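For reference, the chains in residue letters:
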Amino acid sequence: MKEKQNKRWGLKLVSLLAAFLVWLAVVNVADPVMSASVDVPIEIVNGQVLEEKGMTYEIIGKKTTTISYEVNTTNAYRIRSTDFRAYADLTELWSVTGSVPVKIEVLNNSDLIRSAPVSKTSTIKIETEMLQTKRFNLNTVVTGNVEDGYKVGEIKAMPDHVYVEGPESLIGQISSAGVEIRVDGVTADTSGTAKIFYYDANGNKIALNERLSPKYENADYSLQILNVKTIGLDYEVTGEVADRRRFTGVESERKTIEVVGMKSVLASLNTLVISGDAVNVEGAEQNVEAVIDLAKYLPEGVTLAEDEDPMLNVILMVERLDDKVYTIEVNEDCLVGQLEGYVYTPEPNYINVRVRALEEELNALQLGTSDIEIDVSEMKEGINGATVRL
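Residues numbered from 1 in each chain as written. Predicted model: local features only at pLDDT ≥ 70, side-chain atom pairs only at ≥ 80, totals over all residues. Heavy atoms only, no water.

A word on the side chain of Lys-151. The topology assignment puts Lys-151 in strand S8 (residues 150-158). At 3.2 Å, the side chain of Lys-151 and the side chain of Glu-306 are in polar contact. Once residues lying within four places of it in the same chain are set aside, the contact partners of Lys-151 are Val-146, Gln-224, Ile-225, Leu-226, Val-228, Val-260 and Glu-306. (Helix = DSSP H or I, 4+ residues; strand = E, 2+ residues; numbered from the N terminus. Polar contact = N/O pair within 3.5 Å; in protein donor to acceptor, adjacent residues only side chain to side chain. Contact = heavy atoms within 4.5 Å.)

Following this line, the structure appears as structure tokens:
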């Protein structure tokens, strides 16, 4: 039974093979014509016509067309999409609709094609727009952190600007351009090359459309690293206060400030001296409040640290002086140079000393006999005038 089944399968295979050979023979002899098609990209020609008018263009929709043709069956495999050319000539642009007819040409194997090729796409739509060239200054964006005690100084980008050409609508999406420089762990001046990025109005990076043409893709940069130092504040106050007043000092919200600069410049800078009209108390009867611009007093090559407020509020303290009379007893304890055999009798036996000072100074001051002296060494018998020395 199995042998009969195997013989049937063998007969079937032989029949199929015979049928194929017969078909192949018929095809080779008859070689019928068949329809075929290929997809071909549409080429734009004479684009300079628009460019000369300051315009740019974009194809709306598909940028390929399907070309149908007839060919003998035996030659079908020889036809490729590269045998055809499809193009749209912008000199034939109809401005009302923006349409351009699509034309086709046979480049190779024209002798194998049995009928005139036909493009499925008869026209393409072209959108035109004014061409714009715009300049963008290159910003420098620092990312990361330098080592403690250092600060980023001047940054230069070369070139410092870039031109981008393209359709107005796409140019309008760009708000700024710049390079990003990493400074993690940097402690000395450095330089390098960085990619130019483009940003929208919100500061987000945007990828350039292929229709935009920037002049540069990268920019060189140089980066200055400065030292940070804490220095004290000192004041050279000038002028004479009003009568019965005394200048007693400066009160300030900050005693020190942080500055940055080159190491060689900061080495000898320990104190920032504030002088001039800002700290003048001429004729003042009460405290003088002043707002000082610290930047005006910094030496060349030194600037305030980023977190330092350049404006400093100070108070020049002017206080009233009071008078107080001290009565001091005059006795033998304050007589200097007494001669033997003489008796000295002060008359009156007290003196009044008027002292002008601040109230707290007057309250703390105590004067007594031990604080005065009278020289009697040259006195003769009788009444003598005396000078009391405090």
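Residue position: Ser-252 is located in strand S15 (residues 245-252). At 3.4 Å, the side chain of Ser-252 and the side chain of Tyr-235 are in polar contact. Of note is the side chain of Ser-252, whose polar atom sits 2.8 Å from the backbone oxygen of Arg-254. For Ser-252, the contacting residues outside a window of four places in its chain are Tyr-235, Leu-312, Asn-313 and Val-314.

A word on the sheet that holds S15. Adjacent strands of a sheet form backbone hydrogen bonds with each other and so pair up, either parallel or antiparallel. Spatial ordering of the open sheet is given by S15-S20-S18, a layout of three strands whose pairing is antiparallel. Of all the strands in the sheet, just S15 and strand S18 (288-293) have a single pairing partner and so form its edges. The mean angle between the axes of side-by-side strands here comes to 25°, regardless of whether they run parallel or antiparallel. Sheet topology places S18 next to strand S20 (residues 311-320); six bridges connect them, and they run antiparallel. Paired with Ile-292 across the strands is Leu-312, a residue of S20. (Pairing = 2+ DSSP bridges. Axes fitted to C-alpha atoms, helices over the stretch in contact; angles between N-to-C directions.)

Glancing now at the sheet that holds strand S25 (residues 388-389). Within the open sheet, the three strands sit side by side as S22-S24-S25. Their pairing is mixed. Looking at which strands have only one partner, the edges of the open sheet turn out to be strand S22 (335-336) and S25.

This part is about the packing of aromatic side chains. Describing an aromatic ring pair means giving the distance of the ring centres and the angle of the ring planes. For the structure shown, the criterion picks out two aromatic pairs. Where Tyr-69 meets Phe-84, the ring centres are 5.3 Å apart and the plane angle is 35°; that geometry is what we call tilted. You can see Tyr-69 sitting in strand S3 (residues 64-72) and its partner Phe-84 sitting in strand S4 (residues 84-89), a full 15 residues away along the chain. The burial state of Tyr-69 is the same as that of Phe-84; both residues are buried. Arranged with centres 6.4 Å apart and planes meeting at 35°, the rings of Tyr-342 and Tyr-344 form a pair that is tilted. (Phe/Tyr/Trp six-rings, centres within 6.5 Å; stacked < 30°, edge-to-face > 60°. Buried < 20%, exposed > 50% of the residue type's maximum accessible area, 1.4 Å probe, protein only.)

Here we take up the pattern of salt bridges. Any two side chains of opposite charge can pair if their charged atoms end up close together. Applying the stated rule across the entire model yields 13 salt bridges. Of the charged contacts, one joins Arg-85 and Glu-105 as a salt bridge, the two residues approaching to 3.7 Å between their closest N and O atoms. Of the two residues, Arg-85 is situated in strand S4 and Glu-105 in strand S5 (residues 99-106); the sequence distance between them amounts to 20 residues. For Arg-85, a relative accessible area of 23% corresponds to the partly exposed category. Close ionic contact of Glu-306 with Lys-151 constitutes a salt bridge, the shortest N to O distance being 3.2 Å. Here Lys-151 lies in strand S8 and Glu-306 lies in the loop between strand S19 (302-304) and S20, a separation of 155 residues in the sequence. Connected through shared salt-bridge partners, Glu-43, Arg-85 and Glu-105 make up one network. (Salt bridge = Lys/Arg side-chain N within 4 Å of Asp/Glu carboxyl O.)

To continue, consider unusual backbone geometry. The peptide bond linking Met-158 to Pro-159 adopts the cis configuration, its omega dihedral lying at 5°. Of note, the bond from Glu-347 into Pro-348 is cis; its omega dihedral lies within 30 degrees of zero at 0°. Positive phi, close to 60°, is recorded for Asn-46, a residue that is not glycine. Examined against the element boundaries, Asn-46 turns out to sit in the loop between strand S1 (33-45) and helix H2 (48-51). On the accessibility criterion, Asn-46 (28% relative accessible area) is partly exposed. Unusually for a residue other than glycine, Asn-109 sits at a positive phi of about 55°. Topologically, Asn-109 is positioned in the loop between S5 and strand S6 (118-119).

Moving on, we get to the nonpolar core. Tyr-235, Ile-257, Val-259, Leu-272 and Leu-294 are the most contacted members of the largest nonpolar core, which has 23 residues in total. Elements with a minimum of two residues in this core: strand S14 (218-235), strand S16 (256-261), strand S17 (271-274), S18, S19 and S20. Counting residues per element, this core draws most heavily on S20, at four residues. Contact partners of Leu-294, with chain neighbours within four places excluded, come to Leu-233, Arg-254, Ile-257, Leu-272, Ile-274, Leu-304, Asp-309, Pro-310 and Leu-312. Ala-157, Ala-177, Tyr-198 and Leu-212 belong to the second-largest nonpolar core, a separate cluster that totals 22 residues. (Core = buried A, V, L, I, M, F, W, Y, C linked by side-chain atoms within 4.5 Å.)

A few words on the pairing of strand S9 (residues 161-167). Bridge analysis of strand S7 (residues 123-143) against S9 gives seven bridges, and the strand direction is antiparallel. The partner of Leu-131 across the bridge, within S9, is Pro-167. Two elements, S9 and strand S13 (residues 213-214), share two bridges in a ladder whose sense is antiparallel. Across the sheet, the residue bridging to Val-164 is Pro-214, located in S13.

Honestly, it's all geometry; don't read function into it.
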